[in-house]
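Observations on the three-dimensional arrangement
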Amino acid sequence: MTSETAAVASSEAFRQGMRALAGSVCVVAANGADGAPVGLTATAVTSLSADPPSLIVCVNRNASIAAALGQGAQFSVNLLALGQEEVAQAFGGQKAAKGVARFAFGDWIRSAQDIPLLMGANVSFECEVAQVTDWATHHIVIGLIRDARFAQAQTAALVYHQGRYGSVGTTPRAPKEDGDV
Amino acid sequence: MMLKPHPLKGPNRFKIGVFSANADGGLAITDVPERWRARWDDVVTAAQIADRAGMEFFLPIARWRGFGGKNRVREHSFETFTFAAGLASATQQIGLFMTVHVPIVHPVYAAKALATVDHISGGRAGLNIVCGWNPDEFAMFGIQLAGDAYVQAAEWVDVIAQCYGTNQPFDFKGKFYDLKQVVSRPTSVQVPRPVTMNAAFGPPGRDFAARNCDYLFSTFSEIADGRQHVEDMRERAAAVGRNVGVYTVCHVVCRETQKEAEEYYTRYAVTEADHAAVDYHMASKKEFANSHDGDAFNRYRKRFAGGAGSYPLVGTPEKIVDEMLKISREGYAGSALTFVNYSYELPFFCDRVLPLMKQAGLRVQ
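Only a predicted model underlies this, so the values are computations on that prediction, with no experimental measurement involved.

**Observations concerning the overall build of chain A**
Scanning chain A for helices and strands turns up 2 helices and 12 strands. Across chain A, helices and strands are ordered from the amino to the carboxyl terminus as α-β-β-β-β-β-β-α-β-β-β-β-β-β. For chain A, the C-alpha radius of gyration of 17 Å lies close to 16 Å, the compact-globule estimate for 181 residues. By residue count, 33% of the 181 residues in chain A fall in the buried class. Sequence separation of 24 or more characterises 61% of the internal contacts of chain A that already satisfy a separation of 6 or more.

**Topic: the pairing of strand E1 (residues 15-19) of chain B**
All names here are of chain B. Of all the 5 residues making up E1, 5 are buried; the element is thus mostly covered by neighbouring parts of the structure. In E1, alternate side chains face the same way, and those of Lys15, Gly17 and Phe19 on one face and Ile16 and Val18 on the other are all buried. Pairing geometry for E1 and strand E12 (residues 334-338), over 4 bridges, is parallel. Bridge pairing links lysine 15 to glycine 334 in E12. Here E1 runs beside strand E2 (residues 57-59); their pairing, made up of 3 bridges, is parallel. Residue pairing for E2: valine 18 is matched across the bridge by phenylalanine 58. Between E1 and its parallel partner E2, the chain crosses via helix H1 (residues 40-53), and the hand of that crossover is right-handed.

**Structural notes on the interface of chain A and chain B**
Listed per partner, the contact involves 20 residues of chain A and 19 residues of chain B. Counted by class, the side of chain A that touches chain B contains 12 nonpolar, 3 polar and 5 charged residues. Pairing analysis gives 2 bridges linking strand E7 (residues 107-110) of chain A to strand E7 (residues 190-191) of chain B, with the strands arranged antiparallel. Across the sheet, residue isoleucine 109 of chain A finds its bridge partner in E7 of chain B, namely glutamine 190 of chain B.

**Some points on the nonpolar core**
Core analysis: the biggest nonpolar cluster contains 108 residues, and Val18, Phe58, Ala84 and Leu216 of chain B have the highest contact counts within it. With 9 residues, helix H5 (residues 149-165) of chain B is the single largest residue contributor to this core. With residues near it in sequence (within four places) discarded, phenylalanine 58 of chain B still touches Gly17, Val18, Ala47, Ala50, Leu87, Ile94, Leu96 and Phe97 of chain B. Listed in part, the 43 residues of the second largest apolar core include Ala68, Val87, Phe103 and Val141 of chain A.

**Here's the deal with the sheet that holds strand E1 (residues 23-24) of chain A**
All names here are of chain A. Read from one edge of the open sheet, 3 strands run E1-E11-E12, paired in antiparallel fashion. Edge positions in the open sheet fall to E1 and strand E12 (164-168), since each of these has one partner strand only. Pairing between E1 and strand E11 (residues 157-161): 2 bridges, direction antiparallel. Note that in E11 the partner of serine 24 across the bridge is valine 159.

**A few points about the confidence of the model for chain B**
Considering every residue of chain B, the mean pLDDT works out to 93; 95% of them sit at 70 or more. The ipTM assigned to the predicted complex is 0.85, against a pTM of 0.91.

**Some words on the environment of valine 159 of chain A**
Residues and elements named next belong to chain A. Within the element layout of this structure, valine 159 appears in strand E11. The partly exposed category is assigned to valine 159, around which 18 C-beta atoms lie within 10 Å. Taking C-alpha positions, valine 159 is 9.6 Å from leucine 79, a pair spaced 80 residues apart along the chain. When sequence neighbours within four positions are dropped, the list of residues in contact with valine 159 reads Ala22, Gly23, Ser24, Val25, Gly166, Ser167 and Val168.

Rules of the game
- Residues numbered from 1 in each chain as written.
- Chains lettered and ligands numbered in written order.
- Predicted model: local features only at pLDDT ≥ 70, side-chain atom pairs only at ≥ 80, totals over all residues.
- Helix = DSSP H or I, 4+ residues; strand = E, 2+ residues; numbered from the N terminus.
- Rg over C-alpha atoms; globule rule 2.2 N^0.38 Å.
- Buried ≥ 20, exposed ≤ 12 C-beta atoms within 10 Å, placed from the backbone.
- Contact = placed C-beta atoms within 7 Å.
- Pairing = 2+ DSSP bridges.
- Right-handed = clockwise from strand over helix to strand, strands pointing away.
- Nonpolar A, V, L, I, M, F, W, Y, C, P; charged D, E, K, R; others polar.
- Core = buried A, V, L, I, M, F, W, Y, C linked by C-beta atoms within 7 Å.
- pLDDT = per-residue confidence, 0-100.

Below, the structure is given as structure tokens:
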């Protein structure tokens, strides 16, 4: 049992340690209260359960998307493919674009539920917020997965590790004549 | 509905589309009996051929009156929002532009109409933003040509962006628009808005394109002159942190032999051109247009009759692909194409030219 006064690691140590936690790069997207699309690059996305299909997304309370992820809200979790680094950078605040202008990076299409989905992502999960739990600086958002869309050709996954983008998996050498699948 | 990225964001290195099939004559000013009459059934046929062949876009012109001459060329033309809506239901995958005159169409109307087509088509809508050049057309609407057309255009696209960006009523106060409590739902399927293009030639128009358009269409007299437009646009776009793809326009005569193609080109664009209409078109555009360079007017009357001053792709399938390869090497991302008769000529073009484009590395699908 830990007491409140027991020592915790410094945030510096936390950050340095977490740099070693390789993560699949995701962009979480939703609609703000005013109807404008909002999005955020996140690696704090975790598979939760297959029954019911659900996942966890952790977002800082101060992030612009936080207010859009209230109980019952619809959102998407897009698993980025190699080649979508610019999208990750734009939604990670590493480009000048703010707010809606971030959506100029990547090809975004609204689902039937009006949720922005990233075309070319390996997977786009359409989710509904089932529960939000707060922990210190962050909201822990449990999303019930309503639908999953897969890219026609799966490509290498974009991952983030030691402050750099990399990839896991393979990409087909050239786009095939996939036609209508 | 299957969600797909807009066709213009697809993988082909050199994208192609059909231009001006909504208007009498297409882009030609000719009196040959098979000239394009732009009847709806023929338009649908042409669009479906292009759609099945995997061409990326269908781009109409916006015309409110014709250029006179024997056939009153372009006088018959379909309005482009309703045109695109009709084609959206008749096609599966091709991008569908609407060509909209900023001074004539109110932005709140445009936002709703464009979103409607984007929904009908499943995210295939595109907006070609034009300021207009023809005072005779504006006179029909009681509108004066404004000197600061692109200032108005910038406000116009701002209004549309805000329509799509919020579900809360908003006020807009600019120099041209003073709007109260605007709402426009649904928003577009494409986020944050459908793809946009324009065809500006002068600096104010290109700066407008740099800020507000995804694609710029530009003509050139010779392929070797093309690069300057690409570089000019690239610089202007980079200055505002954006990318703008540059496309061109070509009129096509593709035949089995070079001789056959050239003879037909001369027949429809010289011998049997609608000369009175060519005179009117060239005179009025020379006086008011900023969309072509001066050389194009003086040197290329044939090209005006052939395809409104655009570049001619005339010859065998091999020759045409060779030319497109050169255009691509100048930095162009694609071309809008016109034909004397789209539904007669597209099948041969798609059967013979598209496979060669693949071989040449211009297209992967």
